[in-house]
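Per-entry structural report
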Amino acid sequence: MSNYSEMWSSLGLNLEAHDQLLKVLPPTYHDVYLTQPNRPKNMEYFDFVVNEIHGLRIQELQEHKKAGGKVIGAFCVFVPEEIVRAAGGICIGLCSGIDIGTAEAEQVLPRNICPLIKSFMGFKLAKICPYFESCDLVVGETTCDGKKKAFEILNDYVPVHVMETPQMKKGRDRDLWLEEVKDFARLVEETTGNQISAATLARSINEVNGKRRALRRLADLRKCDPAPISGKDSLLIEQIAMYDDVERFTARVNQLCDELEQRVQAGEGVFPAKTPRVIVTGTPMAIPNWKVPHIIETSGAVIVAEELCTGLRYFENEVAEDATGLDNMLENVAARYMGINCAVFTPNPGRLEKLVQLVKEYNAGGVIHCTLSFCDPYAVEANRVEKMLKQEGIPLLKIETGYDQEDAGQLKTRIEAFVEMLK
Amino acid sequence: MYAGIDIGSRTIGFVALAGDRVLLTALEDTGHEPLDTARKLLNQKYARVVATGYGRHSAKSDFAHDVITEIKAHALGAAYLYPGVRTVLDIGGQDTKVILLNDRGSVTDFQMNDRCSAGTGKFLEVMAGALGYTGVGEFGEEALKGKRGIKISNMCTVFAESEAVSLLHRGAGREDIALALHVSVVERTAGMLQRVGYKTPLVFTGGVANNRCIVTLLAEKLGVEVIVPPQPQLVGALGAALAAATTAAAQ
């Protein structure tokens, strides 16, 4: 990374702790990513973006802010990026995929809590994340009790607006969510000082749909055997989707897909044809959490789809573009997000049906259900997933793990044994 | 000739096959230089060597042609010794595995303890030491003489050890505490078997299968026969050797 020290200290980062993080990331990235065989050439852009994760992209955000723009941070795929963009703001997914600032986080949080929550609190309290420090507003949601209560604490350190995500998908839940989306639009207007118009919202809906279409095009290419791209690279792209510039990112994903189409035509892949294919499902894998995918793809299998928030749940439905008035547009936005199969909903049959459908569409041999420790919604829903997959005769491996590496040996044995079963 | 080597946390098992006949077996402590120990066991030329156990990947970068997991290895080994086996319970030095097989001997499901080594060979070893027994063998034999009544509530090795020691201070009988510790391991193991939905015949492999108290208590608890092979610690190595012979035949 070039010299960004001045920018980082002006953001108030704890430079010593931040340096520690920057020392850990490149070797991990090298081992997990750069040693993969047959990577597509167009992954270069995404390597560059990761390499500049705390550099160039932060500089872009600072320039945007200098020109009067606002930055809004979020933790969840329920936060409508279209609305932020329609008011001239930039929406950023905040990182929470690494054990960091644990000592600071444990001053305000219980020790036994989901590592993702502990991570975002640690990033903020230890002042290690330049994205956090660039945010004018942070948006939380009520997709689990741990996050919901942690946002009250986080609000002591940065302004947090919490959107109430419903727990069911009845008519009145949809009405509630629409009200939440409208409130959010008003808040974004206040924060940015810009009005959202039918024209700006139509444009931003179209841009964000474009990003979703590019990601779906990538996902569709992974149905081919041999797989033209690894699951790890695909996950990385899905993670980058949450913080990169929307239009540039969309263009680069499409460019990558052009290359992958040529690969598919030539019958080339990252692993040999007939490599056991698995689908990963469960708790989101926030950047730089690549732990389980790395073990899977170094144990003789390839991941062909992620039924995750850092995966299909992020891009699988589009906002309808048939509305003309602002109100109807906001209804379309709200409706798109209610299609997400998050485990916060009860019951959540859509996720189970989706999984069975994905196994067929992607020709997968099995499913790996991966939950973070203390993630009750997904850990408990694993039972429903197991029941459904058993009925369909689809092999399943259930894993519960955190961000630490202490169980890596045992996980490797379990994943290898699962892959042996699929062969 | 084909060789299978099982590099575990406590022991290294070795089996050499000619065709499907067992020619040689050996069992050594893992020690501090597991790969050295393994190399010494492989002191002649083998057409194919397959490694399993925790050290399998370092063995592959060193001398082994291929690796399989302990789960597959124990399944293959147990199915060779007892055709028709439907469940394998393997308790080794640091983990417990329950493996389900179909009627063709293929693995259909498995469970493994994660992270914590409670209830494994290491747990028994530490507890034997805390009670002043010379080894796990004596520990099991003495536990068989114990009276029921004490309950050990901690499964964590460290906490269970202090619990056992404080029971000693309170004047509880050594054999009774020993029995209680064995009961706690068996309860945990039986729970794991029931969670997976085990079927019979059930074969018990790994070093802990040598402990008569565990075997007896487990058979009582489940109400089924628990089959223990003559050398339960070598079943993984046998499975690896069988895998070496089969892949060689397939090529």
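Once a new chain begins, its residue numbering starts again from 1 and follows that chain's sequence as written. Chain letters start at A and ligand numbers start at 1, both assigned in the order the entries are written. Since the coordinates come from a predicted model, pLDDT governs what is reported: local features require at least 70, and pairs of side-chain atoms require 80 or more to be given and counted, while whole-chain, interface and lining totals use all residues.

With that out of the way, let us pick up the overall build of chain B. Note on conventions: DSSP H or I runs of at least 4 residues are helices, E runs of at least 2 residues are strands, and numbering of each starts at the N terminus. The secondary structure content of chain B amounts to nine helices and 10 strands. For 251 residues, the compact-globule formula gives about 18 Å, and the C-alpha radius of gyration of chain B, at 18 Å, lands near that figure. Relative to its full complement of 251 residues, chain B shows a buried share of 48%. We compute the radius of gyration from the C-alpha atoms alone; for a globule the expected value is 2.2 Å times N to the 0.38, where N is the number of residues. Backbone-placed C-beta atoms define the burial measure: a residue is buried with 20 or more other C-beta atoms within 10 Å of its own, exposed with 12 or fewer, and partly exposed in between.

A word on the domain arrangement of chain B. Residues and elements named next belong to chain B. Domains are outlined according to an automatic or database domain assignment. As assigned here, chain B comprises domain 1 (1-82 + 233-251) and domain 2 (85-228). Taking only C-alpha atoms into account, the centre of domain 1 sits 25 Å from that of domain 2. Contact between residues is assigned whenever the C-beta positions, reconstructed from backbone atoms, fall within 7 Å. Listed by partner, the interface residues are 14 residues for domain 1 and 19 residues for domain 2. Of all the elements, helix α3 (residues 70-81) adds the most residues to the side of domain 1 that touches domain 2, at seven residues.

All names here are of chain A. With 13 residues, helix α17 (residues 349-361) should reach 18 Å at 1.5 Å per residue; the first-to-last C-alpha distance of 18 Å fits that figure. Elements that come into contact with the buried residues of α17 comprise β5 (277-282), β6 (302-307), β7 (366-372) and α18 (376-391). Directly beyond the C-terminal end of α17, a positive phi value near 55 degrees is found at Asn 363. Expected helix span is taken as 1.5 Å per residue step, with the number of steps being one fewer than the number of residues.

At the junction of the two partners, chain B supplies 12 residues and chain A supplies 10 residues. Contributing elements (two or more residues each) for the side of chain B that touches chain A: α3 and β8 (107-112) of chain B. Amino acids outside the nonpolar list (Ala, Val, Leu, Ile, Met, Phe, Trp, Tyr, Cys, Pro) and the charged list (Asp, Glu, Lys, Arg) are all regarded as polar, and Gly is one of them. Residues belonging to the side of chain B that touches chain A are distributed by class as follows: six nonpolar, one polar and five charged.

So, about the sheet that holds strand β10 (residues 226-227) of chain B. Residue and element names in this part refer to chain B. A pair of strands is treated as paired once DSSP finds two or more bridges between them. Within the open sheet, the five strands sit side by side as β8-β7-β6-β9-β10. Their pairing is mixed. Of all the strands in the sheet, the pair left with one neighbour each is β8 and β10. Pairing between strand β6 (residues 87-91) and strand β9 (residues 202-205): four bridges, direction parallel. Bridge pairing in β9 links Val 88 to Val 203. Its contacts with the sheet place α3 against β6, β7 (96-101), β8 and β9, and it is angled at close to 55 degrees to β7. The strands that helix α7 (residues 174-196) touches are β6, β7 and β8; relative to β7, the one it contacts most, it runs at about 30 degrees. The angle between two axes is taken between their N-to-C directions and runs from 0 to 180 degrees, where each axis is a line fitted to C-alpha atoms and a helix contributes only its stretch in contact.

The subject of this paragraph is the environment of Gly173(B). Along the chain, Gly173(B) turns up in the loop between α6 (157-169) and α7. Taking the C-alpha atoms as reference points, Gly173(B) and Ile150(B), 23 residues apart in sequence, are found 9.7 Å from one another.

Residue and element names in this part refer to chain A. Look at helix α7 (residues 115-125) against helix α9 (residues 145-154): their axes get within 10 Å of each other, and the N-to-C directions meet at 10 degrees. Regarding the angle of α7 to α9, the classification is roughly parallel. Of α9, the residues touching α7 (which contributes Ile 117, Met 121 and Lys 124) are Gly 146, Lys 147, Ala 150 and Leu 154. The residue makeup of the contact of α7 with α9, split by class, is four nonpolar, one polar and two charged. These descriptions rest on fixed angle ranges, namely under 35 degrees for roughly parallel, over 145 for roughly antiparallel, 65 to 115 for roughly perpendicular, and the rest for oblique.

For the rest of this paragraph, the subject is the confidence of the model for chain B. This prediction gives chain B a mean pLDDT of 92; 99% of its residues lie at or above 70. Here the predicted complex scores 0.94 on pTM and 0.89 on ipTM. pLDDT is a residue-level measure of predictor confidence that goes from 0 to 100.

A set of buried residues drawn from Ala, Val, Leu, Ile, Met, Phe, Trp, Tyr and Cys, joined through C-beta atoms within 7 Å, is what defines a nonpolar core. Formed by 215 residues in total, the largest nonpolar core has its most connected members in Ile279(A), Ile5(B), Val50(B), Ala240(B) and Ala241(B). Two domains each donate at least three residues to this core, and these are domain 1 (1-82 + 233-251) and domain 2 (85-228) of chain B.

Now for unusual backbone geometry. All names here are of chain A. Of the consecutive residues Asp 225 and Pro 226, the connecting peptide bond is found in the cis state with omega at 0 degrees. Topologically, Pro 226 is positioned in the loop between α11 (198-221) and α12 (231-240). In the Ramachandran plot, Lys 127 falls in the positive-phi region, its phi being about 55 degrees despite a non-glycine side chain. Among the structural elements, Lys 127 can be located in the loop between α7 and α8 (130-134). Accessibility expressed as a C-beta count within 10 Å gives 20 for Lys 127, which makes it buried. Positive phi is not limited to glycine here, since Phe 374 has a value of about 70 degrees. Counting through the fold element by element, Phe 374 comes out in the loop between β7 and α18.

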